[in-house]
Amino acid sequence: MSSISKLSASGFANSATNSRPTTRSSQQPMCCVDLRKRTAGFGNPISSSKLTVGTNHPIKASLVVRCSKNDGNGSTVKKTTLHDLYEKEGQSPWYDNLCRPVTDLIPLIESGVRGVTSNPARKMLHVPTFCWLSLIEQFLFCMNTNIPESNINFKELVQSGKDIESAYWELVVKDIQDACKLFEAIYDETDGADGYVSVEVSPRLADDTENTIEAAKWLHKWVNRSNVYIKIPATAPCIPSIKEVIALGISVNVTLIFSLARYEAVIDAYLDGLEASGLDDLSRVTSVASFFVSRVDSLVDKMLEKIGTPEALDLRGKAANAQAGLAYQLYQKKFSGPRWEALVKKGAKKQRLLWASTSVKNPAYPDTLYVAPLIGPDTVSTMPDQALLAFLDHGSVARTIDSNVSEAEGIYSALEKLGIDWGYVGSQLELEGVDSFKKSFDSLLDSLQEKANTLKLVSL
Ligand SMILES: O=C(CO)[C@@H](O)[C@H](O)[C@H](O)[C@H](O)COP(=O)(O)O
């Protein structure tokens, strides 16, 4: 058996024996409200059945169609593996692609999606034929193809003299607010534990402690929704920003975490922030720690191939999930004991681990490799289109995240013995992650500027 098929057959995709007994497994899906009513007030709601950039996109289209089949249009909503994931195992499936129009999220929510993450950046899929489009790219695509692009009139913004970055934020904030409205029911039903929409501060601030704090305050105030997560990267300069922002009572999605050492610093920043906050009730300040998975394998696999021994080659495709398993152990350790119990008395909620970068980059690997082996209570898995589609189609739901801790420990130290420096892996991926987010952000602003120049010329 190849190392890869072994992985799915046993390894971290092991079927678990320690499933959490659930009190909700026999209930209906949590969010059965008529979500279409929630789009009232969007100004210019765009029907999800209409031809849009979202549904022009092949995988996104299949996902929306797949989920729409689940929409009983008034009749009972069918249960999916996403509902099972939450109800039986306590993991929240989120959608890693806040899309335009946000009404495309409705069938996904009805199919069990419980939150959404968004990126300012273009995310190149490591498959040569297409890429995901960021919100702004979708916006530009709509403008260029005469599809109603937004309720915000970009032309008017430009003509009123708005600079491009301000116009960018106007567009993004409106989408985030609309998406927040769609997830409000889940947020309310779970008393603020779930149903979040994330929006990231400018990636240009990743090495700027003070301005990240200011940007988070400004964005939080502007979006003005209880269920928004302000995304802050886990770079060394932003660790103190996270503490400060949490202390101010702002909920945070800490992103770009690639190593156990940095993850521990992130948890400490959350705990320090809660302790420093003057709030009597901490129940409304929540956080997720976004631990990236597939990118770890992409880098470590290359290093293993360079080493080239049979032992090294056999460890390909295993580093990311082994490290993630150990992160879950750390999570359990840090959110227990006297320090944590003191915060619980004031209503504090655990900072949930969120698995990000869950799409498979090596087509030889099983398509649910970064979802199925990482299932555990009080976690979130944010899945882009193809991972979500794969999991809906043939995902198996069982607690796997701690079903074989000693195997995870064994793999982690075997990799170390082979010369894989986990410190290097973490810092290299962080560097690449921050850099690519910055570059994409800059190129998006350039594209918007180009569009603005054309509009100005047209209006002269
Ligand atoms: O919000 C988050 C994590 O906080 C996610 O959107 C996260 O940025 C994405 O999962 C990653 O950027 C996707 O990474 P990848 O699949 O391109 O490696």
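Residues numbered from 1 in each chain as written. Predicted model: local features only at pLDDT ≥ 70, side-chain atom pairs only at ≥ 80, totals over all residues. Heavy atoms only, no water.

An unreviewed UniProt entry annotates the protein as Transaldolase originating from Erythranthe guttata. What UniProt records for the protein under Subcellular location (unreviewed entry) is the sentence "Cytoplasm". (UniProt positions renumbered as here; feature names shortened; annotations may be inferred.)

For the rest of this paragraph, the subject is the pattern of salt bridges. Overall, the coordinates contain 21 salt bridges when judged by the stated rule. A salt bridge links D84 to K88; the nearest nitrogen and oxygen atoms lie 3.7 Å apart. Highlighted residues: D84 and K88, both in helix α5 (residues 81-89), separated by 4 residues, approximately one helical turn. With its nearest N and O atoms 2.6 Å apart, the salt bridge here joins R399 to D402. Connected through salt bridges with shared partners, the residues E264, D268, D272, E275, K334 and R339 form a single ionic network. (Salt bridge = Lys/Arg side-chain N within 4 Å of Asp/Glu carboxyl O. Helix = DSSP H or I, 4+ residues; strand = E, 2+ residues; numbered from the N terminus.)

Before going further, it helps to examine the site of the ligand. Of all residues adjacent to the ligand, which total 15 residues, the nearest are D96, K231, S290, R295 and K361. N253 has a polar side-chain atom sitting 3.1 Å from an oxygen atom of the ligand. Here the ligand loses 98% of its free accessible area of 450 Å² to cover by the protein chains. When residues of the shell around the ligand are traced back to their parent elements, those giving at least two are β4 (252-257), β5 (287-292) and α13 (294-307). The class makeup of the residues in the shell around the ligand is 3 nonpolar, 8 polar and 4 charged. (Near = heavy atom within 4 Å. Polar contact = N/O pair within 3.5 Å; in protein donor to acceptor, adjacent residues only side chain to side chain. Areas by Shrake-Rupley, 256 points an atom, 1.4 Å probe, with all protein chains shown as cover. Nonpolar A, V, L, I, M, F, W, Y, C, P; charged D, E, K, R; others polar.)

Turning to the side chain of D301, a few remarks are in order. As for its placement among the helices and strands, D301 is situated in helix α13. Of the buried charged residues, D301 lacks a salt bridge, with R316 as the closest side chain of opposite charge at 6.0 Å. (Buried < 20%, exposed > 50% of the residue type's maximum accessible area, 1.4 Å probe, protein only. Lys, Arg positive; Asp, Glu negative; His and termini not counted.)

Before going further, it helps to examine the sheet that holds strand β7 (residues 379-383). As summarised here, the arrangement of the 7 strands in space is β1-β7-β6-β5-β4-β3-β2, forming an open sheet in which the pairing is parallel. Strands with a single pairing partner mark the edges of an open sheet, and in this sheet they are β1 (91-95) and β2 (197-200). Neighbouring strand axes in the sheet, compared pairwise and without regard to direction, differ in orientation by 30° on average. Of the pairings in the sheet, the one linking strand β3 (residues 228-233) to β4 comprises 4 bridges and is parallel in character. Bridge assignment links P233 to a residue of β4, and that residue is T255. The strands that α5 touches are β1 and β7; relative to β1, the one it contacts most, it runs at about 150°. Across the face of the sheet, helix α12 (residues 260-276) comes into contact with β4, β5 and β6 (352-356) while running at roughly 175° to β5. (Pairing = 2+ DSSP bridges. Axes fitted to C-alpha atoms, helices over the stretch in contact; angles between N-to-C directions. Contact = heavy atoms within 4.5 Å.)

On inspection of all chains with the given rule, the structure shows 16 aromatic pairs. Geometrically, the ring pair formed by Y168 and F441 is edge-to-face, given 5.2 Å between the ring centres and 90° between the ring planes. Here F441 lies in helix α19 (residues 422-459) and Y168 lies in helix α9 (residues 164-189), a separation of 273 residues in the sequence. You can call Y168 buried: its relative accessible area is 2%. You can call F441 buried: its relative accessible area is 0%. For R114, the ring lying beneath its charged end belongs to Y86, and the centroid distance is 3.5 Å. (Phe/Tyr/Trp six-rings, centres within 6.5 Å; stacked < 30°, edge-to-face > 60°. Lys NZ or Arg CZ within 6 Å of the ring centre and 35° of its normal.)

As a rule of thumb, nonpolar side chains are buried together in soluble globular proteins. L105 and Y263 are the most contacted members of the largest nonpolar core, which has 128 residues in total. In terms of residues, this core owes the most to one element, α9, which gives 14 residues. If sequence neighbours within four positions are ignored, Y263 has contacts with I257, A289, F291, A327, L330, Y331 and L353. (Core = buried A, V, L, I, M, F, W, Y, C linked by side-chain atoms within 4.5 Å.)

Helix length check: helix α15 (residues 319-334) (16 residues) gives 23 Å between terminal C-alpha atoms against 22 Å at 1.5 Å per residue, within 8%. The buried fraction of α15 amounts to 13 of the 16 residues, a majority that puts the element mostly inside the structure. (Expected span 1.5 Å × (residues − 1).)

At a minimum axis separation of 8 Å, α15 and helix α18 (residues 405-417) run at an interaxial angle of 120°. In terms of axis orientation, α15 runs oblique to α18. When you trace α15 past α18, the crossing you get is left-handed. When α15 is examined against α18, the residues A319, A322, Q323, L326 and Q329 are found in contact with a partner set consisting of V405, A408, E409, I411, Y412 and L415. Along the lines of polarity and charge, the residues of the contact of α15 with α18 split into 8 nonpolar, 2 polar and 1 charged. (Parallel < 35°, antiparallel > 145°, perpendicular 65-115°, else oblique. Left-handed = near helix turned anticlockwise from the far one by under 90°.)

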